[in-house]
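# Structural description and commentary
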Amino acid sequence: MQANRQELQEYSKESYIQDVVLSSKDVREKMFLNNFSTEMMCLVELNGYFKQVNDVFFKVLGFTREEILARSFLDLVHPDDREMTQACFLSLVKGNANIRFENRYQSKNGDYKWLEWNAVELEDEDLHYFVARDITERKMMEKLFFENGRRIRLFVKHTPVAVAMFDKEMNYIMASQRWLEDYQLTEIDIKGRSHYEILPHISLRWKQIHKEVLEGCVKRSDEELLKLPLGKDMWIKWEMHPWRTSEGMVGGIIISREDITERKIIERQLEEYRIDLEERVIDRTSQLKQSNEQLSQEIQKHKQTEGKLEQSYEQLQNLSAHLEEVREQERTGIAREIHDELGQALTALKMDCSWFQKRLDKKDLVLEDKVKSMKELIDSTVKTVQRISSELRPGILDDLGLVAAMEWQMDEFRKRTSLDCYLDIQFDDAQMNTKYATTLFRILQETLTNIVRHAQASKVSVSLNESASKIVMIVDDNGRGVTKKQLESPEAFGLMGMRERIHYLNGDIDIQGKKKRGTIVRVALPKIS
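Read on for an overview of the structure. (Residues numbered from 1 in each chain as written. Predicted model: local features only at pLDDT ≥ 70, side-chain atom pairs only at ≥ 80, totals over all residues. Heavy atoms only, no water.)

### A short note on unusual backbone geometry
Of note in this structure, Met170 is not a glycine but carries a positive phi near 65°. Along the chain, Met170 falls in the loop between β6 (162–167) and β7 (172–175). Met170 sits in the buried class, given a relative accessible area of 2%. (Helix = DSSP H or I, 4+ residues; strand = E, 2+ residues; numbered from the N terminus. Buried < 20%, exposed > 50% of the residue type's maximum accessible area, 1.4 Å probe, protein only.)

Okay, structure coming up:
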């Protein structure tokens with residue numbers, strides 16, 4: 001009795017101990033009577049009918065003992081699996097000591113469960129001994145994994161972006177159609193082959209990037225010139241990420257890239273147009289400068305009398321102000337021309353694309369993707385046009401006033417420079433004179449430009465407030481400080497322009513710099529009653 005108990009305890013440690021089953025009939029009988037095992041267990045006679053079944057068998061399939069014992073083992077096997085199951089029975093009869101197989105077995109509600117069987121023939125009793133485990137959930141997971149893997153492969157293959165997946169040896173796992181087309185390859189060409197084998201002349205730089213990504217890094221570039229086969233060049237935006245196994249280890253890398261060649265062409269054309277506009281502005285400014293020089297010569301000729309000198313000086317100030325007004329008008333006109341004409345043209349082009357897209361055959365995915373790419377390129381071009389227009393003359397200054405324009409300018413400055421920027425406005429510009437607003441805004445722009453070029457600062461503070469008689473703007477930075485020599489330099493045209501703007505409006509400007517302690521620009525304009 002004690003020996004049998006010990007044998008039962010040993011059996012609890014492992015489901016499939018065939019030597020116990022074969023050597024101890026008492027243990028097997030106690031196992032069935034006491035429902036010791038957590039596995040499905042049954043004894044089947046040579047004619048195929050059940051002789052004995054444990055309770056787990058009933059729980060899994062839902063049948064009663066009487067319903068089971070009245071059936072043949074093969075009665076509950078799925079029709080598609082019956083021939084295979086019969087072959088396993090024959091294998092037992094022919095002398096195989098132990099066989100394992102999987103099949104679908106019917107439950108009482110009519111559903112089929114996947115069972116994993118372990119079968120042994122008991123020759124001394126003319127019986128087959130079966131132990132089964134319910135693996136339905138595992139089979140469902142395998143099926144789901146297979147279907148998901150197939151979907152992923154289909155998605156990668158047909159995505160319009162060039163994508164490829166590699167293992168740790170840089171052997172191809174999968175690649176999109178766009179990737180294959182760029183390198184003039186087929187799926188057969190890459191199957192089981194290394195990226196370096198297909199492209200033997202790949203640079204050491206790319207190999208080093210691959211190595212770093214395989215070590216867990218993420219690499220990317222917003223634009224880079226890629227040399228393709230047959231001398232074809234392409235501007236791309238690319239990213240590389242490591243992919244990890246279920247254990248969290250790096251299993252390889254995923255490379256994706258986007259063709260931005262058309263965008264680069266548009267940017268270059270816009271840059272050429274911007275340069276042309278700047279040349280036109282410079283040419284007109286040069287003409288005005290020549291007029292200014294002629295006026296200066298006239299002033300020199302009339303130095304004899306103080307009255308004429310004062311009159312000429314007044315004329316010079318008026319002309320300078322007029323030049324600034326003309327320049328502002330030119331900027332405004334050019335900005336409006338860019339915004340209206342180019343904006344309307346781009347809008348019309350996007351509408352044409354949308355019209356064309358609606359009439360495309362929905363099955364033509366290549367044209368569909370191409371039209372979508374064109375619309376995205378048009379949107380990017382519109383943003384570039386808006387940026388150029390704003391740099392010439394921000395519409396927010398005319399539409400919303402000085403305060404909104406200063407907030408916009410400081411926000412743009414912060415984005416471009418990453419400096420710490422602080423803006424303190426205690427002023428209501430609702431009734432502000434247009435010339436005042438333009439003057440203060442242009443001085444702020446010129447001051448911020450000088451800070452970027454010369455100050456080497458990390459922080460900029462701007463304030464705008466008013467007293468009973470004045471409007472005061474102060475720009476303070478913590479840079480290296482402007483020197484007296486720089487303030488008095490005849491080539492400091494920016495400072496000269498700032499002074500001329502303020503003096504024309506009967507205002508004051510004071511610029512003070514302290515070495516390594518920054519520069520303070522203080523502008524004061526009289527209030528207009």
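### Some details on helix α17 (residues 434–455)
Here α17 contains 22 residues, and its C-alpha end-to-end distance of 30 Å stays within 8% of the 32 Å for a straight helix at 1.5 Å per residue. Positive phi appears at Gln456, one or two residues downstream of α17, with a value of about 55°. (Expected span 1.5 Å × (residues − 1).)

### Details of the packing of helix α16 (residues 402–417) against α17
Relative orientation of the contacting elements α16 and α17 amounts to 15°, with a least axis distance of 10 Å. Taken together, the axes of α16 and α17 lie roughly parallel to each other. Relative to α17, the crossing made by α16 is right-handed. Across the interface between the two elements, Leu402, Ala405, Met406, Trp408, Gln409, Met410, Phe413 and Thr417 from α16 touch Ala437, Leu440, Phe441, Leu444, Gln445, Leu448 and Val452 from α17. The residue inventory of the contact of α16 with α17, partitioned by class, reads 12 nonpolar, 3 polar and no charged. (Axes fitted to C-alpha atoms, helices over the stretch in contact; angles between N-to-C directions. Parallel < 35°, antiparallel > 145°, perpendicular 65-115°, else oblique. Left-handed = near helix turned anticlockwise from the far one by under 90°. Contact = heavy atoms within 4.5 Å. Nonpolar A, V, L, I, M, F, W, Y, C, P; charged D, E, K, R; others polar.)

### Focus: the packing of aromatic side chains
We describe a pair of aromatic rings using the distance from one ring centre to the other and the angle between the two ring planes. Counted under the stated rule, the structure contains 16 aromatic pairs. Here the aromatic rings of Trp179 and Tyr183 are separated by 5.3 Å at their centres, their planes lie at 50°, and the arrangement is tilted. Trp179 gets classed as buried once you look at its relative accessible area, which sits at 1%. By way of ring pairs, the aromatic residues Phe50, Phe57, Phe73, Phe89, Phe101, Tyr105, Trp117 and Phe130 are connected into one cluster. Of note, Arg257 hangs over the ring of Trp179, and the distance from its end group to the ring centre comes to 4.6 Å. In this structure, Lys264 is placed above the aromatic ring of Trp235, and the distance from its NZ or CZ to the ring centre is 4.5 Å. (Phe/Tyr/Trp six-rings, centres within 6.5 Å; stacked < 30°, edge-to-face > 60°. Lys NZ or Arg CZ within 6 Å of the ring centre and 35° of its normal.)

### What to know about the nonpolar core
Core analysis: the biggest nonpolar cluster contains 39 residues, and Leu402, Leu440 and Leu464 have the highest contact counts within it. Looking at which element gives the most residues to this core, the answer is α17, with 9 residues. When residues no more than four places from it in sequence are discounted, the contact partners of Leu464 are Leu402, Met406, Asp424, Ile425, Gln426, Phe427, Leu440, Ile471, Val472 and Met473. (Core = buried A, V, L, I, M, F, W, Y, C linked by side-chain atoms within 4.5 Å.)

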